[in-house]
Amino acid sequence: MRPFADSKDGSVAALGEVALLEKIRLWLGDAMPPAPEGMGDDCAVLSRPAGNLLAADSLLYNRHFDDRTDPARAGAKLLLRNLSDIAAMGGEPRYAVMSAFLPPATSLAWLENFCRGLAACAREFATALAGGDLTESTEGPGFSLAITGNADRPLLRTTGQPGDRLYVTGALGGSLRGHHLNFVPRLPEGRWLAARPDVRACIDLTDGLGKDLHALLRDGLGATLDTASVPLSAAARETARESGRSAFWHACNDGEDYELLFTVDGNADPAAFMRSWRAVFDVSLTCIGKLRTRDPAIQPVTDTAGHPVEDFSGYTHLRT
Ligand SMILES: [Mg+2]
């Protein structure tokens, strides 16, 4: 749906800020607690601990959604991206605040659907919308959402050790065929992982395995990737048929998988680990390699034969 109204009557400019905020309050419904915990005062007054995690993410017109996107899915995606970050830390979400940057021609009907989609997602994942900010802009619409959450033992990126096995949830690649708007943040899986002492490091895959794996490799760490075992989604294979690239390339570089990549102590029994996972989750889990001490003479990420993995860079922002 196009986010702009054809006439002023159907646009946010027809209402003005005060009436528009009332509408947004209505659309968000009980996903926003009553003031002062929700919208209505200068700050939200939180009734329960906000937790020890804080993150933010944004959603921009013609970058993360466009005229073909269902606005309710775009609203949900704004929150889902943040929830995936909370999942990667092994946390549970608590509060979120949204900043909206709206051109005056923004369609009221579009914004209503966007807000209702955001609210439904907030209810589903027990996140209280505690308020936000509204700004008139020349570009957009655009949104930024900040979220808080809590993790008793936050899972970090750079706490892996040489010998750790590398695991990934789900299947990767081809997210533009729909997954980027229809994914489930791995919150229960992240919490389960954080409760296990043999799980050492974790990240959610947003820019692609090819880039995000490097974030686990602090100084002195490398990784051996069993390229044949990387789980390829059906969408990655379909995309490969059209692009002429390999499905593996798409799995490494498309991004927006929102799966978890984590490391497990290499001394832990892999079969027992997999059995414990399958006893709780239907989500597939694949061991795709291991961490090793970095050899300065070779690339940080190599295949099992010791060769650099080709085309393994992922999506890089702000690159022309
Ligand atoms: Mg992340």
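In what follows, the structure referred to is the one given above.
Parameters and conventions
- Residues numbered from 1 in each chain as written.
- Predicted model: local features only at pLDDT ≥ 70, side-chain atom pairs only at ≥ 80, totals over all residues.
- Heavy atoms only, no water.
- Phe/Tyr/Trp six-rings, centres within 6.5 Å; stacked < 30°, edge-to-face > 60°.
- Helix = DSSP H or I, 4+ residues; strand = E, 2+ residues; numbered from the N terminus.
- Buried < 20%, exposed > 50% of the residue type's maximum accessible area, 1.4 Å probe, protein only.
- Pairing = 2+ DSSP bridges.
- Axes fitted to C-alpha atoms, helices over the stretch in contact; angles between N-to-C directions.
- Contact = heavy atoms within 4.5 Å.

### Observations regarding the packing of aromatic side chains
1) Next: Under the criterion given, the structure shown has 15 aromatic pairs.
2) Next: Taking 6.2 Å as the distance between ring centres and 50° as the angle between the ring planes, the aromatic pair formed by Phe 262 and Phe 273 counts as tilted. A residue pair is termed long-range when its members are at least 10 positions apart, and Phe 262 in strand β8 (residues 260-264) and Phe 273 in helix α8 (residues 270-280) qualify at eleven residues.
3) Next: Note on Phe 262: relative accessible area 0%, which makes it buried.
4) Next: Each ring, one from Phe 262 and one from Trp 277, has its centre 6.4 Å from the other, and the planes form 25°; the classification is stacked. Here Phe 262 is found in strand β8, whereas its partner Trp 277 is found in helix α8, with 15 residues between them in sequence.
5) Next: A relative accessible area of 1% places Trp 277 in the buried class.
6) Next: In textbook terms, an aromatic cluster arises when at least three aromatic residues are bridged by ring pairs, as seen for Phe 4, Tyr 61, Phe 65, Trp 110, Phe 114 and Phe 143.

### What to know about the sheet that holds strand β5 (residues 165-169)
1) Next: Spatially, six strands are ordered β6-β8-β5-β9-β7-β10 in an open sheet, and the strand pairing comes out mixed. At either margin of the open sheet sits one strand with a lone partner, and together these are β6 (199-204) and β10 (301-303). On average, each strand axis in the sheet is tilted by 30° relative to the strand beside it, whichever way the strands run.
2) Next: Along the sheet face, helix α2 (residues 71-88) touches β6 and β8 and points at about 170° away from the line of β6.
3) Next: Helix-sheet contacts for α8 involve β5, β6, β8 and β9 (285-293), and the interaxial angle to β5 is about 20°.

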